[in-house]
Amino acid sequence: MSHYSGPLLTRPIGEALLAARDGGREEWSGSMDLGRSTGRASLQADTWQWLGQSYPYPGKLKDRTIYYWDGEDFSSVSCFSNSLIKLVPTEWDAPTFEIDGIKMLPTSKESPFEDARRKVALVEPRGKVVLDTCGGLGYFAACCLEAGVARIRSFEKNADVLWLRTINPWSPDPDSPASGGRLELTHGDVSQAITQIADASVDALLHDPPRFGIAGELYSQAFYDHLARVLRRNGRLFHYTGSPNKLTSDRDVPREVAKRLEKAGFKADLALDGVLAIRR
């Protein structure tokens, strides 16, 4: 799917455009790609121009919503098939996304992109072949590309999330020159696809699965055995877990994960909000 290249609006951006017009200004400067770059919009009474194309001024925009030009109007970057999936702005520019109102990326203390960068650094991707099991918005992949990965293979099961990636300017485009052919993005279920990946063919692993209640198969001993099989000896794995159920039960998911990884053949330790493991 080709990536969207038109303007993206949030409520503050829409209000700023209208305020500039109503204040008699002929031009507005700012970002129309969630902080990736800045530019200038030419303002007329009924329309405004961005990169040579004219658009109507938006109507009332909602908070916590990003809008894209669908060819006729500014529409919310959201879709509904089995669940409501929505791209959500953050104070850090790089957006997060939600599934049925549940935030999928941490944003309370720092940008979700910076959060991904810290986690990716743990597996030291430069010059390596990396498997990214659950691609999401692609921030792990983007940080690997930035860090000089040799090749990264990424899987994403949800077609709606893949569509969000085509709108989000922070999500890497496998076909862009910046990716240099190093990113392979597959629409597929990694719990099935991993059975076809060759032994010891991967130098590092990034595993950021949905929570256990949604995708228990991605926390299973059988899946961890496959991760150990495809990863070369001394290869690194970062497994995001968060701390689900920790406040309401005695369950400690990170330590449960670490024990299963140890059984699969890893040396595992808690790190950041997950587990860092090394293939023995």
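Predicted model only: the values in this text are computed from it and were never measured. (Residues numbered from 1 in each chain as written. Predicted model: local features only at pLDDT ≥ 70, side-chain atom pairs only at ≥ 80, totals over all residues. Heavy atoms only, no water.)

Q: What is the right way to read the packing of helix α6 (residues 221-230) against helix α7 (residues 253-264) from this model?
A: Between two packed helices, both the angle of their axes relative to each other and the distance between the axes serve to describe the pair. Where α6 contacts α7, the axes come no closer than 9 Å and their chain directions differ by 55°. As judged from the angle between their axes, α6 and α7 are oblique. When you trace α6 past α7, the crossing you get is right-handed. Contacts between α6 and α7 involve Q221, Y224, D225 and A228 on the former and, on the latter, V257, R260, L261, K263 and A264. Partitioned by chemical class, the residues of the contact of α6 with α7 number 5 nonpolar, 1 polar and 3 charged. (Axes fitted to C-alpha atoms, helices over the stretch in contact; angles between N-to-C directions. Helix = DSSP H or I, 4+ residues; strand = E, 2+ residues; numbered from the N terminus. Parallel < 35°, antiparallel > 145°, perpendicular 65-115°, else oblique. Left-handed = near helix turned anticlockwise from the far one by under 90°. Contact = heavy atoms within 4.5 Å. Nonpolar A, V, L, I, M, F, W, Y, C, P; charged D, E, K, R; others polar.)

Q: Before we go on, may I ask you to explain the packing of helix α2 (residues 112-121) against helix α3 (residues 139-146) in this structure?
A: Between α2 and α3, the shortest axis-to-axis distance is 9 Å and the interhelical angle comes to 60°. As far as their axial angle goes, α3 and α2 are oblique. Two packed elements cross with a definite hand, and for α2 against α3 that hand is right-handed. Here P112, F113, A116, R117, K119 and V120 of α2 come into contact with α3, specifically with Y139, F140, A142, C143, C144 and E146.

Q: Any chance you could explain the UniProt feature "domain: MnmC-like methyltransferase" (unreviewed entry) in the protein chain here in plain terms?
A: Listed under "domain: MnmC-like methyltransferase" (unreviewed entry) in the UniProt record, and renumbered for this structure, are residues 181-242. End C-alpha atoms of residues 181-242 are separated by 32 Å, and the span's content is 23% helix alongside 34% strand. (UniProt positions renumbered as here; feature names shortened; annotations may be inferred.)

Q: What is the right way to look at the environment of F80 in this model?
A: Along the chain, the position of F80 falls in strand β8 (residues 78-80). Separated by 76 residues in the primary sequence, F80 and Y4 place their C-alpha atoms 19 Å from one another.

Q: What am I meant to see in helix α1 (residues 11-22) here?
A: Along an α-helix, residues three or four positions apart point the same way, because every turn accommodates 3.6 residues. Between its first and last C-alpha atoms α1 spans 16 Å; for 12 residues at 1.5 Å apiece the expected length is 16 Å, and the two agree. Residues of α1 that are buried include every one of I13, G14, L17 and A20, and no others. One face of α1 carries all of its buried residues, which in axial projection span an arc of 130°. For α1, the exposed residues set more than 90 degrees away from the buried face come down to P12, A19 and D22. Buried residues along α1 sit against β1 (8-9), β2 (27-30), β3 (39-43) and β4 (47-50). Of the residues flanking the end of α1, it is G24, one or two places downstream, whose phi is positive at about 85°. (Expected span 1.5 Å × (residues − 1). Buried < 20%, exposed > 50% of the residue type's maximum accessible area, 1.4 Å probe, protein only. Arc of directions from axis to C-beta.)

Q: What is the right way to look at unusual backbone geometry in this model?
A: In this model, L51 sits at a positive phi of 50°, which is unusual for a non-glycine residue. Mapped onto the elements of the fold, L51 is located in the loop between β4 and β5 (53-56). By relative accessible area, which is 74% here, L51 ends up exposed. Even without being a glycine, D93 presents a positive backbone phi close to 80°. Mapped onto the secondary structure, D93 falls in the loop between β9 (84-88) and β10 (96-99).

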